[in-house]
Amino acid sequence: MKAMIFAAGLGTRFKPWTDQHPKALALVNGRSLLERNIVYLQQHGIRQVIVNVHHFPDQIAGAIEKNKGWGSTIQISDEKQEVLETGGGLMKARPYFDREPLLTINVDILTDLDLSALIADHKQHAALITLAVTDRKTSRYLLFNSDDVLCGWRNRSTGEEKIPVPGDELKEKAYSGIAVFDPSVLDLIPYSGKFSLIDAYLHLAPTGRVRGYDHTGDKFVDVGRNESVAIAEKMFP
């Protein structure tokens, strides 16, 4: 099984570090976010990793080369010309994938979610996509029915909603930036260029095979802002 780490973002919320460095190389207790996620994947038997790059790409490539991939085989998906967001990044990296399930994770996510259990749940339900979610508070939520099937999306700050699968008593869950994909998904996503994976999730929701996997209670921190580093350092020595 392969994994893709989304590391191409500009990290605008992480200035001033990202004025001179990619967020992927920001340190938590002396170890970069990129290293931590590569080692995290290894703990669940995943040693073939694709990393997309855009912002200071040479620094990321240099760190991977210097550290010999931290023990994993790393392939770089080059987005130097244009950052493509998560959906566009996934589709651009398509040549690196095989016909096995694929796991994706945002580089600024640190968690102790049991990836092996997530993957097993994905296979058990024959899902197209399985999304790691929790009950934490955020501004944007994915909406699920009582069977944990994705039905829509809601922005609490703006009131905007997209609900391609209407239902009663939909549950709000916060997306953890981690997903498992059946390889057939790549033939079903109609978008190209720059787009968010959220758009793909909502497009495929009417199939009934985009599911949520609730891991509320696990350690989790989105290291998207400078103030998140202190929280991450307490949770992840």
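Model, not experiment: these values are computed from the prediction. (Residues numbered from 1 in each chain as written. Predicted model: local features only at pLDDT ≥ 70, side-chain atom pairs only at ≥ 80, totals over all residues. Heavy atoms only, no water.)

A. View of the overall build of the protein. Secondary structure summary: the protein contains 8 helices and 14 strands in total. The C-alpha atoms of the protein give a radius of gyration of 17 Å, which matches the 18 Å a tight globule of 237 residues would have. Relative to all contacts within the protein whose residues are 6 or more apart in sequence, the contacts with residues 24 or more apart total 74%. Of the roughly 11,000 Å² of accessible surface on the protein, 47% is carried by carbon and sulfur atoms. Taking the 28 positively charged and 30 negatively charged side chains of the protein as two groups, their mean positions are separated by 4 Å. (Helix = DSSP H or I, 4+ residues; strand = E, 2+ residues; numbered from the N terminus. Rg over C-alpha atoms; globule rule 2.2 N^0.38 Å. Contact = heavy atoms within 4.5 Å. Areas by Shrake-Rupley, 256 points an atom, 1.4 Å probe, with all protein chains shown as cover. Lys, Arg positive; Asp, Glu negative; His and termini not counted. Charge placed at Lys NZ, Arg CZ, Asp CG, Glu CD.)

B. Spatial organisation of unusual backbone geometry. In this chain, Lys 15 is followed by Pro 16 through a cis amide linkage whose omega measures 10 degrees. Within the secondary structure, Pro 16 sits in the loop between β1 (2-6) and α1 (17-20). Phi angles above zero are rare outside glycine, and Asp 148 is one such case at about 65 degrees. Inspection of the secondary structure assignment puts Asp 148 in the loop between β9 (140-144) and β10 (150-155).

C. Representation of the layout of surface pockets in the model. Estimated volume of the largest pocket: approximately 1,400 Å³. Contributing to the lining of the largest pocket are 46 residues, with Arg 13, Asn 106, Asp 108, Arg 140 and Asp 222 lying nearest its centre. Listed by contribution, the elements that provide at least two residues to the lining of the largest pocket are α4 (85-92), β6 (102-106), β9, β12 (171-181), α7 (197-204), β14 (220-222) and α8 (227-235). Of the residues contributing to the lining of the largest pocket, the split by class is 20 nonpolar, 14 polar and 12 charged. Its volume calculated, the second largest pocket comes out at about 240 Å³. Taken together, 15 residues make up the lining of the second largest pocket; nearest its centre are Arg 36, Tyr 40, Gln 43, Thr 111 and Phe 236. Only α2 (33-42) and β7 (109-111) provide two or more residues apiece to the lining of the second largest pocket. Looking at the lining of the second largest pocket, its residues break down into 7 nonpolar, 4 polar and 4 charged. (1 Å grid on protein atoms, 1.4 Å probe; cavity = no way out; pocket = protein on both sides within 12 Å on 5 of 7 lines; lining within 4 Å. Points joined across faces, edges and corners; volume = space filled by probe spheres on them. Nonpolar A, V, L, I, M, F, W, Y, C, P; charged D, E, K, R; others polar.)

D. Molecular detail of the environment of Thr 158. Its location among the elements puts Thr 158 in the loop between β10 and β11 (161-162). On the accessibility criterion, Thr 158 (57% relative accessible area) is exposed. Polar side-chain contacts of Thr 158 include one of 3.2 Å to the backbone nitrogen of Glu 160. (Buried < 20%, exposed > 50% of the residue type's maximum accessible area, 1.4 Å probe, protein only. Polar contact = N/O pair within 3.5 Å; in protein donor to acceptor, adjacent residues only side chain to side chain.)

E. Quick look at the environment of Ala 126. Within the secondary structure, Ala 126 is located in the loop between α5 (115-124) and β8 (129-134). The exposure class of Ala 126 is partly exposed, given its relative accessible area of 46%. Separated by 57 residues in the primary sequence, Ala 126 and Gly 69 have C-alpha atoms spaced 32 Å apart.

F. Structural context of the pairing of β12. The buried fraction of β12 is high, at 8 of 11 residues. Across 4 bridges, β6 lies against β12 in antiparallel orientation. What sits directly across from Leu 102, in β12, is Phe 181. Both β9 and β12 contribute to a ladder of 3 bridges, which runs antiparallel. The partner of Leu 143 across the bridge, within β12, is Glu 172. (Pairing = 2+ DSSP bridges.)

G. Molecular detail of empty space enclosed by the protein. Applying the stated criterion across every chain yields a total of 1 cavity of 30 Å³ or more. Empty space within the largest cavity amounts to approximately 50 Å³. In terms of residue class, the lining of the largest cavity is made up of 6 nonpolar, no polar and 4 charged.

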